[in-house]
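Here's the letter readout for the chains.
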Amino acid sequence: MNFPFYIARRYLFSKKSTHAINIISCISAVGVAVATMALVVTLSVFNGFHDLVASFFTSFDPQIELVPAEGKTAPADDPLLQKVRKLPEVDVASECVKDQALAIYKGKQTMVWVMGVDDNFERMSRIDDILYGDGTFLLQAANLNFAVVGIRLAESLGMNANWDGNLMIYAPRKTGQLDLANPSDGFVVDSLISPGVVFMVKQGKYDRDHVIVPITMARTLFEQQGMLSSLQIRLKNGSDFNAVKEKMQHIVGDRYRVLDRYEQQADTFRIMKVEKFIAYIFLTFILIVASFNIIGSISMLIIDKKDDVVTLRNLGATDRQISRIFLFEGRLISFFGALAGILIGLLLCWLQQQFGIVALGQSSGTFVVDAYPVSVHPEDVLVVFATVIAVGFLAVWYPVRYFSRRLLG
């Protein structure tokens with residue numbers, strides 16, 4: 001066995017002549033353990049929110065979305081898109097035209113995203129899972145156009161699931177000049193009625209300002225005949241998602257971007273990653289402060305073991321080996337503190353998952369989930385362990401060298 005490590009291990013668990021050294025060593029280990037536990041729990045909560053947001057995708061966002069690399073629209077009959085549609089792994093391909101417009105209902109108005117979709121949108125998105133009301137998902141019947149609106153948009157406009165009257169949609173004309181004498185001529189106007197349902201994705205970006213309409217009506221409204229904003233795709237069960245996505249990107253080249261659900265919500269997840277990283281940095285600073293307690297413990301141990309150092313030198317131990325004894329002592333404190341902190345952190349995460357100990361609000365049903373969501377990712381645990389070990393090793397390296405020279409020289 002490595003000689004310095006063997007002596008350091010004996011020092012760690014042996015009784016010291018001064019009882020305060022044992023207490024300070026325990027406090028050092030506890031400080032490291034608490035900081036480690038905080039890192040594990042905090043990162044797991046961020047992972048829980050990340051996974052919670054991702055769980056909402058299955059009801060609304062397409063598995064894969066092809067959007068033009070330049071501009072807002074592309075020809076619906078583009079041969080590249082037709083080639084993608086014909087891939088054997090594609091189950092449903094739905095065209096979409098999406099743009100902003102002004103919505104007015106009984107004197108109330110707001111800006112909305114009008115989302116024109118194909119007749120097969122219901123198969124592509126399984127939107128039935130997020131519909132509320134007594135009606136059905138219906139967008140067109142004879143000459144009538146229906147609109148399915150987000151639940152928060154319906155609330156802001158004073159609607160219910162089966163709202164009466166017409167929802168008026170105004171979109172500025174893309175051609176011609178505005179006649180100030182008759183400004184209304186500068187808009188394309190259409191009206192929509194209710195199919196008796198609203199949708200609730202449980203994401204504000206959809207629920208508060210999205211309106212689903214027939215794609216024919218959207219193309220007329222935005223003067224985009226024969227065009228599409230995106231091609232939304234659902235794959236057949238059992239398809240290799242990554243391989244199919246790569247194949248699609250190879251087909252369309254740099255003309256289109258092939259986006260999975262995470263890339264479609266890139267801004268949201270980028271913010272969440274930044275928040276998680278900032279939390280990691282702050283907690284690492286706390287860990288660094290906690291690790292400084294080890295310095296006091298090691299310096300007192302060096303003083304306590306001055307007689308042992310003389311004996312070891314007489315037995316042939318070098319100054320380097322003696323310094324390594326106290327280095328290993330500090331590193332062992334960091335190691336056991338990290339191990340204990342990770343175990344306690346994992347236990348707390350399990351308790352939160354099972355029993356929801358820490359609630360999000362005072363009353364049940366106020367939020368999407370009643371308790372803070374938690375998801376433990378093994379890679380985060382490894383990062384935390386590596387961080388604690390690295391911080392602990394660096395925290396004791398210079399102080400041990402300094403005190404060894406001053407107190408044992």
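What comes next is a walk through the structure. (Residues numbered from 1 in each chain as written. Predicted model: local features only at pLDDT ≥ 70, side-chain atom pairs only at ≥ 80, totals over all residues. Heavy atoms only, no water.)

## Concerning the nonpolar core
Short version of the rule: In plain words, nonpolar cores are sets of buried Ala, Val, Leu, Ile, Met, Phe, Trp, Tyr and Cys residues tied together by side-chain atoms within 4.5 Å. For the exposure calls, accessible area comes from a 1.4 Å probe over protein chains only, and a residue counts as buried if that area is under 20% of its type's maximum, exposed if over 50%, partly exposed in between. A run of H or I in DSSP becomes a helix once it reaches four residues, and a run of E becomes a strand once it reaches two; helices and strands are each numbered from the N terminus.
Ranked by internal contacts, the top residues of the largest apolar core, which has 38 residues, are Y11, L287 and F326. Per-element tally for this core: the top contributor is helix α12 (residues 319-355), with 10 residues. In terms of nonpolar packing, the next biggest core, distinct from the first, is built from 26 residues, V97, V114, A171 and L221 among them.

## With respect to the packing of aromatic side chains
What counts, and what does not: Pairing of aromatic rings covers Phe, Tyr and Trp, the last through its six-membered ring, and needs centres within 6.5 Å; plane angles under 30 degrees mean stacked, over 60 mean edge-to-face, and all others mean tilted. Look at NZ for Lys and CZ for Arg. If either is within 6 Å of the ring centre and within 35 degrees of the ring normal, a charge sits over the ring.
Enumeration over the complete set of coordinates arrives at nine aromatic pairs. For the ring pair F277 and Y280, a centre distance of 6.4 Å and an interplane angle of 35° mean the geometry is tilted. Here F277 and its partner Y280 are both found in helix α10 (residues 266-304), three residues apart, which amounts to about one turn of the helix. The exposure class assigned to F277 is exposed, which follows from its relative accessible area of 51%. Of note, R331 hangs over the ring of F393, and the distance from its end group to the ring centre comes to 4.6 Å.

## Re the packing of helix α11 (residues 306-314) against α12
Short version of the rule: Angles run from 0 to 180 degrees between N-to-C directions of axes, and those axes are lines fitted to C-alpha atoms, restricted for helices to the stretch in contact. Reported orientations rely on four angle classes, namely roughly parallel under 35 degrees, roughly antiparallel over 145, roughly perpendicular from 65 to 115, and oblique for the rest. Whether a crossing is left-handed or right-handed is set by the direction in which the near helix is turned from the far one by less than a right angle, anticlockwise for left-handed and clockwise for right-handed. It only takes one pair of heavy atoms within 4.5 Å for two residues to be counted as in contact.
Interaxial distance between α11 and α12 falls to 10 Å at its minimum, and their mutual angle equals 140°. It follows that α11 is oblique to α12 by the angle criterion. Seen along the crossing, α11 lies across α12 with a hand that is right-handed. Residues V309, L312 and R313 of α11 pack against D319, I322, I325 and F326 of α12.

## Some points on the side chain of S94
So the rule is basically this: Within 3.5 Å is the distance limit for a polar contact, defined as a pair of N or O atoms, with the added protein rule that one can donate a hydrogen and the other accept it, and that residues adjacent in sequence qualify only through two side-chain atoms.
Relative to the assigned elements, S94 resides in strand β3 (residues 90-105). Overall, S94 belongs to the buried group, its relative accessible area being 0%. Engagement of the side chain of S94 in a polar contact is seen with the side chain of N120, the distance being 3.1 Å. Apart from residues lying up to four places away in sequence, S94 is in contact with D118, N120, F121, M124, S230, L231 and Q232.

## What to know about the pattern of salt bridges
For clarity, the threshold we go by: Any carboxyl oxygen of Asp or Glu that lies within 4 Å of a side-chain nitrogen of Lys or Arg is treated as forming a salt bridge with it.
Enumeration over the complete set of coordinates arrives at 13 salt bridges. The salt bridge partner of K72 is D99, with a shortest N-O separation of 3.2 Å. Note that K72 is positioned in the loop between β1 (64-68) and β2 (74-75) and D99 in strand β3, a separation of 27 residues in sequence. Residue classification places D99 among the buried positions, given a relative accessible area of 13%. A salt bridge links D78 to R255, with the nearest nitrogen and oxygen atoms 2.6 Å apart. A residue pair is termed long-range when its members are at least 10 positions apart, and D78 in the loop between β2 and α3 (79-85) and R255 in the loop between α8 (241-252) and β15 (256-259) qualify at 177 residues. For D78, a relative accessible area of 6% puts it in the buried group. A residue is classified by how much of its surface remains accessible, and R255, at 45% relative accessible area, is partly exposed. Residues joined in a network through salt bridges with shared partners are K72, D99 and K174.

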